[in-house]
Amino acid sequence: MVFETLNVREEGPVLFAEIAAPPMNLLGPELVRDLVSLIQRAEADAAVQVLVFESADPDYFISHVDLTRIKEYREEAAKLTGEPSIGLLFRYLSASRLVTIAQIEGRVRAAGSEFVLACDMRFAARESAIFCQFEPAFGQVPGGGAAQHLTRLMGRSRALEVMLSADDYDAELAERYGWINRALPADQLGDFVSSLAHRIAGFPAAGHVVVKERVNAIALAPVEDFGRDSDLFGEEVRAPDAQRRIAAAMKLGLQTRDAELALPGLLGRLD
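Below, the structure is looked at part by part. Quantities reported herein were computed from a predicted structural model and do not represent experimental measurements.

Reading guide: rules and limits
- Residues numbered from 1 in each chain as written.
- Predicted model: local features only at pLDDT ≥ 70, side-chain atom pairs only at ≥ 80, totals over all residues.
- Heavy atoms only, no water.
- Helix = DSSP H or I, 4+ residues; strand = E, 2+ residues; numbered from the N terminus.
- Buried < 20%, exposed > 50% of the residue type's maximum accessible area, 1.4 Å probe, protein only.
- Lys, Arg positive; Asp, Glu negative; His and termini not counted.
- Salt bridge = Lys/Arg side-chain N within 4 Å of Asp/Glu carboxyl O.
- Contact = heavy atoms within 4.5 Å.
- Pairing = 2+ DSSP bridges.
- Right-handed = clockwise from strand over helix to strand, strands pointing away.
- Expected span 1.5 Å × (residues − 1).
- Arc of directions from axis to C-beta.
- Core = buried A, V, L, I, M, F, W, Y, C linked by side-chain atoms within 4.5 Å.
- Phe/Tyr/Trp six-rings, centres within 6.5 Å; stacked < 30°, edge-to-face > 60°.
- Lys NZ or Arg CZ within 6 Å of the ring centre and 35° of its normal.
- Axes fitted to C-alpha atoms, helices over the stretch in contact; angles between N-to-C directions.
- Parallel < 35°, antiparallel > 145°, perpendicular 65-115°, else oblique.
- Left-handed = near helix turned anticlockwise from the far one by under 90°.
- Nonpolar A, V, L, I, M, F, W, Y, C, P; charged D, E, K, R; others polar.

## A look at the side chain of Asp229
Mapped onto the secondary structure, Asp229 falls in helix H10 (residues 223-236). Arg228 provides the closest opposite charge to the buried, unpaired Asp229, separated from it by 6.4 Å. Leave out the neighbours within four places in its chain, and Asp229 touches Val141, Pro142, Gly143, Ala147 and Gln148.

## What about the pattern of salt bridges?
Two side chains bearing opposite charge may form a pair once their charged atoms approach each other closely. Summed over the entire model, instances satisfying the criterion amount to 13 salt bridges. Residue Arg9 pairs with Glu11 through a salt bridge whose shortest N-O separation is 3.4 Å. Residue Glu11 is classed as partly exposed on the basis of its relative accessible area, which comes to 30%. For Arg257, the salt bridge goes to Asp59, with nearest N and O atoms at 3.0 Å. Remark: Asp59 occurs in the loop between strand S3 (50-55) and strand S4 (60-62) and Arg257 occurs in helix H12 (residues 257-260); sequence separation between them is 198 residues. By relative accessible area, which is 26% here, Arg257 ends up partly exposed.

## Notes on the environment of Met154
For Met154, the location among the structural elements is in helix H5 (residues 146-154). With 70 residues separating them in the primary sequence, Met154 and Pro84 have C-alpha atoms 28 Å apart. Aside from chain neighbours lying at most four places away, what touches Met154 is Ala159, Val162, Tyr177 and Trp179.

## Some points on the pairing of strand S2 (residues 14-19)
Across the six residues that make up S2, a large majority, five, are buried. Between strand S1 (residues 6-11) and S2, which pair antiparallel and follow one another directly, the connecting turn spans two residues, one of which, Gly12, has a positive phi of 65 degrees. Pairing geometry for S2 and S3, over six bridges, is parallel. Bridge pairing links Glu18 to Glu54 in S3. A crossover connection joins S2 to the parallel S3 through helix H1 (residues 29-44); in handedness this β-α-β unit is right-handed.

## Some words on helix H11 (residues 240-252)
With 13 residues, H11 extends 19 Å between its outermost C-alpha atoms, agreeing within 8% with the 18 Å of an ideal straight helix rising 1.5 Å per residue. All buried positions along H11 are accounted for by Ala242, Arg245, Ile246 and Ala249. Relative to the axis of H11, the buried residues are bounded by an arc of 100 degrees and lie together on one face. Away from its buried face by more than 90 degrees, H11 exposes Pro240 and Lys251. In this structure, the buried residues of H11 make contact with H10 and helix H13 (263-268).

## Focus: the nonpolar core
If you look at the biggest cluster of nonpolar residues, it comprises 70 residues, and the most contacted ones within it are Leu27, Phe61, Phe115 and Phe131. A per-element tally of this core places H1 first, with seven residues. Apart from the residues lying within four places of it in its own chain, the contact partners of Phe115 are Leu35, Phe53, Phe61, Ile62, Phe90 and Leu93. Formed by 15 residues, the second largest nonpolar core is a distinct cluster that contains Val99, Met121, Ala125 and Ile200.

## A short note on the packing of aromatic side chains
Under the criterion given, the structure shown has seven aromatic pairs. Aromatic side chains Tyr169 and Tyr177 sit 6.1 Å apart centroid to centroid with 45 degrees between the ring planes, which places their arrangement in the tilted category. We note that Tyr169, like Tyr177, is buried. Every member of this aromatic cluster is reached through a ring pair, and the members are Phe131, Tyr169, Tyr177 and Trp179. Sitting over the face of the ring of Phe16, Arg9 holds its NZ or CZ atom 4.2 Å from the ring centroid. Directly above the ring of Tyr60 sits Arg107, whose terminal nitrogen or CZ lies 5.7 Å from the centroid.

## Regarding the packing of helix H4 (residues 111-118) against H5
Orientation of H4 relative to H5, taken along the N-to-C sense of each, is 60 degrees, at an axis distance of 10 Å. On the basis of the axis angle, H4 is oblique to H5. Regarding H4 and H5, the two cross each other, and that crossing is left-handed. Here Glu114, Leu117 and Ala118 of H4 come into contact with H5, specifically with Ala146, His149, Leu150 and Leu153. Residue classes in the contact of H4 with H5 are distributed as five nonpolar, one polar and one charged.

Here it is in C-alpha cells:
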C-alpha cells in the first residue's frame with residue numbers, strides 16, 4: 001500500500017499506518033483521501049484484523065483540520081460515507097470490523113483528538129502526548145464527534161471543562177479523565193501497542209466483530225448525532241465572528257508549527 005501521507009507496513013494480520021503529512025500533520029484533503037483509501041483496502045482484506053495508527057512527527061500526531069481547506073477535505077470524506085463530513089467518516093471507523101488502536105506521541109487537537117477518539121483504543125506517551133478540543137475558542141461545537149465521545153467517556157462536567165476551556169491536557173490527566181486507555185513511558189509505548197495488537201489479531205475475527213457490535217450498541221452515539229454535530233460545525237465555521245477569530249489566530253501563527261507548540265497561549269490572545 002503506497003500513500004502520499006501514510007507510511008504503511010504489514011506484520012501479518014496487523015497493519016501499522018504512520019501519519020507523515022508535513023509540516024505538522026494537519027488533517028487536510030490529502031490525509032483524508034489516504035485514510036479513506038486505507039480503511040477501504042484494509043476492510044476488503046480479510047487477513048487484516050488490527051489497524052494501528054502512529055505518527056512520523058514527534059511533536060504532532062494530528063494537529064487539527066486545515067482550516068483553509070474545509071470544503072476539500074469534506075469532499076474526500078464523502079467518498080467513503082456518501083456525506084461530506086469528517087464526523088461521519090470517524091463514526092464509520094468506530095463501527096468498522098477492524099480493531100483500531102492509536103499510538104499517540106505529540107499533539108492531538110480538535111479533529112486530531114476526534115480521530116483518536118474514533119479509534120477503539122488509545123495509548124499515549126506520558127512525556128509528549130497533548131490533547132485539546134479548541135473549537136469553542138472560535139465559537140464552534142466540535143464537528144467530528146468529540147461531544148459524543150467525551151461526554152460518554154468522562155461524564156458531563158469533565159467533558160464541558162475540556163471543551164469550554166479549549167486548553168491542553170497532558171497524557172496523565174487525559175488518562176485520569178478517561179480520554180485515553182493508558183499513558184505509558186515513551187520508550188515502552190511502541191512495544192506495548194505492538195504486543196497488544198498482535199495478541200488481539202491472534203484471536204478469532206468473528207469475536208472482534210460481535211464484541212465491537214455489542215459495545216458500540218451501548219457506547220457509540222447514533223449516526224444522526226454525529227451528523228448533527230458535523231452540520232453545526234459547518235454552519236458555525238462560516239459565521240462572521242468565527243471567521244474573524246480564525247483570521248486573527250492565523251495572524252498570530254495558527255497552522256504554523258512553532259506557534260502551535262504553545263497553542264493555548266495563542267488562543268488566549270484572541271479578542
